[in-house]
Amino acid sequence: MGSLLRSVSGVRWGELRDATGAGADGIPPLLSRIAYGDEGTARIAIDDLGDAICALGFVVGEATAPTVPFLLELAGSPQVACKAELLDLLGSIYRTDQWHSAAASTQDRKHETSYQQQTGWEAAARAAVYAGRSAIEGVASSVRPEEAMPARKLLQVMDDTPPFPKL
């Protein structure tokens, strides 16, 4: 994959499911298009990747957390276009609480345990974004406002998003 995304091949994408329930083996080519494509190609790939790892803008899947470090890598790379879109996607991932909300609303009922796996995906995805906070802070200090503003917005989302509801 080049100097960017070197460790993408270390993830067992074929064993993971995306947010739509489909196999996640389409994620590496999308990451590659973001890294090495022109701006138009990158925008389309980010949109497609968003559908795969943060469906409808608020539902994450098993493959979301393993994808986040690559999104952070791309957002921090000077050669990658569409940083604002990458940072917006990371913000959507960080804000997701669909599965936690569903599990909290079914507490003390027999369906609560059916959400355990999905709530784990949300927690892992949020933790993965948070683990990249220093990289996001680096982008936020950019002299380029088209990069700095979305990064600052993401940092604000990270500071303002309440913790998951108690289950």
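Residues numbered from 1 in each chain as written. Predicted model: local features only at pLDDT ≥ 70, side-chain atom pairs only at ≥ 80, totals over all residues. Heavy atoms only, no water.

Student: Explanation requested: the nonpolar core in the structure shown.
Tutor: What tends to happen in soluble globular proteins is that the nonpolar side chains get buried as a cluster. Counting residues in each nonpolar core, the largest one holds 46 residues, and the members touching the most others are L31, L71, L74 and I93. When contributions to this core are tallied by element, the ones reaching two or more residues are α1 (27-36), α2 (39-53), α3 (64-76), α4 (83-95), α6 (116-131), α7 (133-140) and α8 (145-160). Sort the elements by how many residues they give to this core and α3 lands first, with seven residues. Ignoring anything within four residues of it in the chain, the contact list for L71 reads L31, L49, I53, L86, L89, L90 and I93. (Core = buried A, V, L, I, M, F, W, Y, C linked by side-chain atoms within 4.5 Å. Buried < 20%, exposed > 50% of the residue type's maximum accessible area, 1.4 Å probe, protein only. Helix = DSSP H or I, 4+ residues; strand = E, 2+ residues; numbered from the N terminus. Contact = heavy atoms within 4.5 Å.)

Student: Explain the environment of A81 here, please?
Tutor: By the secondary structure assignment, A81 is in the loop between α3 and α4. Classification of A81 as partly exposed rests on a relative accessible area of 24%. Sequence separation of A81 and T96 is 15 residues, and the distance between their C-alpha atoms is 25 Å. Ignoring any residue separated from it by four or fewer positions in sequence, one finds A81 in contact with E39 and L86.

Student: Got a minute to help me understand the pattern of salt bridges in this structure?
Tutor: Under the criterion given, the structure shown has seven salt bridges. The shortest N-O distance in the salt bridge between R133 and E137 comes to 3.3 Å. With R133 and E137 both in helix α7 and four residues apart, this pair spans about one turn of that helix. Note on R133: relative accessible area 17%, which makes it buried. Two residues, D159 and R133, come together in a salt bridge whose shortest N-O distance is 3.0 Å. One end of the pair, D159, is in helix α8; the other, R133, is in helix α7, and 26 residues separate them in sequence. One salt-bridge network, held together by shared partners, links E39, R43 and E85. (Salt bridge = Lys/Arg side-chain N within 4 Å of Asp/Glu carboxyl O.)

Student: It is not clear to me how the packing of helix α5 (residues 98-105) against α6 should be interpreted in this structure. Could you clarify?
Tutor: A pair of packed helices can be characterised by two numbers: the angle between their axes and the separation between those axes. At a minimum axis distance of 8 Å, the contact between α5 and α6 shows a crossing angle of 140°. Considering the angle they form, α5 stands oblique to α6. Seen along the crossing, α5 lies across α6 with a hand that is left-handed. Seen from α5, the contacting residues are Q98, W99, H100 and A103; seen from α6, they are Q118, T119, E122 and A123. Of the residues that constitute the contact of α5 with α6, the class distribution is three nonpolar, four polar and one charged. (Axes fitted to C-alpha atoms, helices over the stretch in contact; angles between N-to-C directions. Parallel < 35°, antiparallel > 145°, perpendicular 65-115°, else oblique. Left-handed = near helix turned anticlockwise from the far one by under 90°. Nonpolar A, V, L, I, M, F, W, Y, C, P; charged D, E, K, R; others polar.)

Student: For this particular structure, what's the right way to read the packing of aromatic side chains?
Tutor: Aromatic rings in a pair are described by how distant their centres are and how their planes are angled relative to each other. Summed over all chains, the structure comprises one aromatic pair. Judged by centre distance (6.2 Å) and plane angle (50°), the ring pair of W13 and F70 falls under tilted. In this pair, W13 is assigned in the segment before α1 and F70 in helix α3, connecting sequence segments 57 residues apart. When its relative accessible area of 6% is taken as the criterion, W13 is described as buried. A relative accessible area of 5% means that F70 is categorised as buried. When the ring centre of Y94 is taken as reference, the NZ or CZ atom of R126 above it lies at 5.1 Å. In this arrangement the basic side chain of R126 is found over the ring face of F164, its NZ or CZ atom lying 3.7 Å from the centre. (Phe/Tyr/Trp six-rings, centres within 6.5 Å; stacked < 30°, edge-to-face > 60°. Lys NZ or Arg CZ within 6 Å of the ring centre and 35° of its normal.)

Purely geometric numbers; function is a separate question.
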